[in-house]
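These are the residues of each chain, in order.
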Amino acid sequence: MDVVISVDTGSECLSDMQCNDGNPCTIDFCNDDFECGYVDDLSCECADNSDCNDQNSCTNNLCVDNSCEFPPNGMCACQDDVDCQDSDACTDDSCVAGACHNDQRANCACVQHQDCDDNDPCAEDRCVNNVCSTRPVCDSYQRCEPLSATEFYCVIPRVCGDANPEETCDDGNGCTLDVCSGGECEYVPLADCVRCVNDVDCRVNDAFCSTESATRLLVNSGRCVTGACEILSVECRDGGCVDDGDDHCENTECADVDDCNDGNACSQDSCVGGYCRNAVVDGCIECNVDGDCPLGDLCSDDGAAIVRYAGRCDQHQCAFGRQENCAFGCEAGACREFGECLSDFDCVSDDNCVLGDCVSGQCEWTRYPDCRTCDNDWDCDADEAFCSETVPNVRWHVAGSCEEGFCTLSSESCPSGCAAGACATQSVACATNEDCPGLMMCLSNGTCGHSDDYIVCTVDCNHGQYENFNAYIWWGFNEDTGRSNQQMFEPGEKFVLPYTELCYWQPVYPTFDMNCRNLDNNMWDHGYQAVVNCNYDFSLTRHPSGEQGKALFQVTSVLCN
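In this text the structure is predicted, and so the values were computed from the model without any measurement.

Basis of the calculations
- Residues numbered from 1 in each chain as written.
- Predicted model: local features only at pLDDT ≥ 70, side-chain atom pairs only at ≥ 80, totals over all residues.
- Heavy atoms only, no water.
- Helix = DSSP H or I, 4+ residues; strand = E, 2+ residues; numbered from the N terminus.
- Buried < 20%, exposed > 50% of the residue type's maximum accessible area, 1.4 Å probe, protein only.
- Lys, Arg positive; Asp, Glu negative; His and termini not counted.
- Salt bridge = Lys/Arg side-chain N within 4 Å of Asp/Glu carboxyl O.
- Polar contact = N/O pair within 3.5 Å; in protein donor to acceptor, adjacent residues only side chain to side chain.
- Contact = heavy atoms within 4.5 Å.
- Pairing = 2+ DSSP bridges.
- Axes fitted to C-alpha atoms, helices over the stretch in contact; angles between N-to-C directions.
- Phe/Tyr/Trp six-rings, centres within 6.5 Å; stacked < 30°, edge-to-face > 60°.
- Lys NZ or Arg CZ within 6 Å of the ring centre and 35° of its normal.
- pLDDT = per-residue confidence, 0-100.
- Disulfide = S-S within 2.5 Å.
- Patch = residues over 30% accessible without salt bridge, like charges linked within 9 Å, V, L, I, M, F, W, Y side chains within 5 Å.
- Areas by Shrake-Rupley, 256 points an atom, 1.4 Å probe, with all protein chains shown as cover.
- Core = buried A, V, L, I, M, F, W, Y, C linked by side-chain atoms within 4.5 Å.

(A) Expanded view of the side chain of Asp370. Residue position: Asp370 is located in the loop between β27 (362-367) and β28 (385-387). The charged side chain of Asp370 is buried without a salt bridge, its nearest counter-charge being Arg372 at 6.5 Å. Within polar-contact distance, the side chain of Asp370 engages the side chain of Ser388 at 2.8 Å. Those residues in contact with Asp370 that lie beyond four places of it in its chain are Phe386, Cys387, Ser388, Glu389, Thr390, Trp396 and Leu409.

Put into structure tokens, the structure is as follows:
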């Protein structure tokens, strides 16, 4: 905007105040010839609402204190693409003409690697740019041999037979059958086999049902023979073997416990209701001589304790000296310290709203936003409501019921934003500040809202105990009187103070003084005991002795220029 100075020679003046032309966007002055002059105020952006237009149908065009503002008008669900995020990686989220569109992206098959799992242990499945891809787990010169749905091993194809008579095809794996077929070595997995490197690998004292027959299999007393643990087989009569975590023979008839001896010293044999039960004793190691029992510390099967065996065989069971609980799991015979981990399973938090990840051997925890944990329905206060931590225009209501450790929630859209657990009031017309709810003020456009240039407060001097108390507020400085500005407010009445005057008190934070006065006896009460609510946070300081109980309120969240 060009600067133009005009002089009205017909207007005489003695001071600048006599040259007011009614235009808020000009600077009015009285020149040396005692004539009025006017210059455009470059800091003035607008004179009225018609000067402001952001070409956006979702906002109101307002001129507030000669500056354009464009608050949402509540007529649109969104203003930009960010408002339409649905947390689905397979949708394109956009805001078109104030409405959200979440269009499914073509050829989007996955969001995370688990979405691509095809249960092939010989293939590594990955999700890259929402497309599944698969690559072999073994190198190109190797062959993958599956052992189970999740286990595999890689072998180098070997030429055998007449072409290479010296090749034996031994892969060192005791749980495969090594054969030479068609001039090339093949390795056939053996059913019901437990692979091992040494005897310690076979001290699991486990029981499992055979994959080929109605037989209950027991890992024997810690012997590893040619890469495979010795297995004791127990035939299950009638009903067969039940693979239910207890791994017992079902419907094996018995008259007494003697009929249920499975030959394993580490199982608890019993005859219940005429049928045998053979429960494996947790942490037990079967033995024949003392040499079968290890010395030192070993982790138990579930990783929850350390067991130190004494190296003594007592009635075919290894005796142990102590057992210790490990709060954060066990590794290599020792308890792990807090925060140490091998996988994400080691980083489970007691707080259901916290997700633990194992990163470089240390647990890292991230809290789920907008989450409430609970033990029962009483923990979920149905009257509670809170603003979303991630979406500014969503308000959550606690539904009053606890499901799987989480309070059930329902959401509410707040087109004008959410603050302090409540949706902002939308476009309330007003003439004075008292027409506005809460701590809103009546803006120059005739609607209720908050302005960054004012502090709005209410005060209650007597906590409702007396009728005739009022609050006196001091702020700024009056050049005509040489004193601070002063005004009286009735209990509960809103008072509005501008920053430009509040910043008189302190160079950093807006401040104001207040005190309470009993109008019945014209006595000053203690202002620092009053209840004051403002639209910004503040700290309260009692004045030194002699200041009639005044209180100094310092707004801690807004800085003065």
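There's plenty left to go through after this.
(B) Looking closely at the side chain of Asp269. Within the secondary structure, Asp269 is located in strand β19 (residues 267-272). Buried and unpaired, Asp269 has Arg216 as its nearest opposite-charge partner, separated by 5.9 Å. Those residues in contact with Asp269 that lie beyond four places of it in its chain are Val257, Cys260, Asn261, Asp262, Arg277 and Asn278.

(C) Layout of the sheet that holds strand β29 (residues 394-403). What the three strands build is an open sheet, ordered β28-β29-β30; its pairing is antiparallel. If you trace the sheet from one side to the other, it starts and ends with β28 and β30 (406-413), each paired once. Neighbour-to-neighbour, the strand axes of this sheet turn through a mean angle of 35 degrees, independent of strand direction. Relative to β30, β29 runs antiparallel, the two being bridged by seven bridges. The partner of Cys402 across the bridge, within β30, is Cys407.

(D) Molecular detail of the packing of aromatic side chains. Using the criterion set out here, one finds four aromatic pairs in the structure. Ring geometry for Phe489 against Phe495: centres 4.8 Å apart, planes inclined by 45 degrees, an arrangement best described as tilted. Assessed through its relative accessible area of 4%, Phe489 is described here as buried. Overall, the relative accessible area of 0% leaves Phe495 in the buried class. Three or more aromatic residues joined by ring pairs form one cluster here, namely Phe489, Phe495, Phe512 and Phe553. Here Arg372 stacks its cationic end above the ring of Phe386, 3.6 Å away from the centre of that ring. For the cation-ring pair, Lys550 lies above Trp474, with the distance from its terminal atom to the ring centre recorded as 4.4 Å.

(E) Summary view of the environment of Cys236. One can find Cys236 in the loop between β16 (228-235) and β17 (241-242). Sequence separation between Cys236 and His248 is twelve residues, and the spatial gap between their C-alpha atoms is 8.5 Å. The residues touching Cys236, leaving out its near neighbours within four places in the chain, are Ala214, Thr215, Arg216, Cys241 and Cys249.

(F) Expanded view of the confidence of the model for the chain. On average, residues of the chain score 77 in pLDDT, and 86% of them reach the 70 mark or higher. Of the regions scoring below 50 in pLDDT, residues 1-9 engages in 22 contacts with residues more than four places distant in sequence or in other chains.

(G) Geometry of the state of the cysteines. Under the counting rule described, the total for this entry stands at 24 disulfides. Across the disulfide from Cys52 sits Cys68; the S-S distance is 2.0 Å. With the S-S bond torsion at -85 degrees, the cross-link from Cys52 to Cys68 turns out left-handed. With a gap of 16 residues between them, Cys52 in the loop between β3 (35-40) and β4 (62-64) and Cys68 in strand β5 (residues 67-69) connect regions that are remote in the sequence. One exposure class covers both Cys52 and Cys68, and it is buried. The disulfide that involves Cys110 links it to Cys127, with 2.1 Å between the sulfurs. In this structure, the disulfide formed by Cys110 and Cys127 twists by about 90 degrees around the S-S bond and is classed as right-handed. Placement of Cys110 in the loop between β7 (99-104) and β8 (123-128) and of Cys127 in strand β8 is noted, with a sequence separation of 17 residues between them. There is no split in this pair, since Cys110 and Cys127 are both buried.

(H) Here's a closer look at the pattern of salt bridges. Applying the stated criterion to the full structure yields four salt bridges. Residues Glu124 and Arg126 are paired through a salt bridge, measuring 3.6 Å at the closest nitrogen-oxygen approach. Residue classification places Glu124 among the partly exposed residues on the basis of a relative accessible area of 27%. The partner of Asp314 in a salt bridge is Arg312, with the nearest N and O atoms 3.8 Å apart. Take Asp314: its relative accessible area is 40%, and that puts it in the partly exposed class. Overlapping salt bridges, with partners in common, bring together Glu124, Arg126 and Arg135 in one network.

(I) Broad picture of the sheet that holds strand β41 (residues 531-534). Taking strand neighbours across the sheet as the criterion, the three strands line up as β38-β35-β41 in an open arrangement whose pairing is antiparallel. The open sheet is flanked by β38 (494-498) and β41, the only strands paired with a single partner. On average, adjacent strands in this sheet sit at an angle of 30 degrees to one another, irrespective of strand direction. Judged from the five bridges that link them, strand β35 (residues 454-460) and β38 form a sheet pairing that is antiparallel. Residue pairing in the sheet places Thr458 in a bridge with Lys494 of β38.

(J) A nonpolar patch on the surface, seen in detail. Taken together, the side chains of Leu177, Val188 and Leu190 present a nonpolar region at the surface, about 240 Å² in accessible area. Along the chain, Leu190 turns up in the loop between β13 (184-189) and β14 (207-209).

(K) Seen up close, the nonpolar core. Val459, Ile473, Phe495, Phe512, Met514 and Val532 are the most contacted members of the largest nonpolar core, which totals 23 residues. Every element with two or more residues in this core is listed here: β35, β36 (469-478), β38, α1 (499-502), β39 (511-518), β41 and β43 (551-555). With four residues, β36 is the largest single contributor of residues to this core. Every residue in contact with Val459, bar those within four places of it in the chain, is listed here: Ala471, Glu490, Pro491, Gly492, Glu493, Phe495, Met514, Ala530, Val531 and Val532. Grouped together as the second largest cluster of nonpolar side chains are seven residues, Cys196, Phe208, Val219 and Cys229 included.

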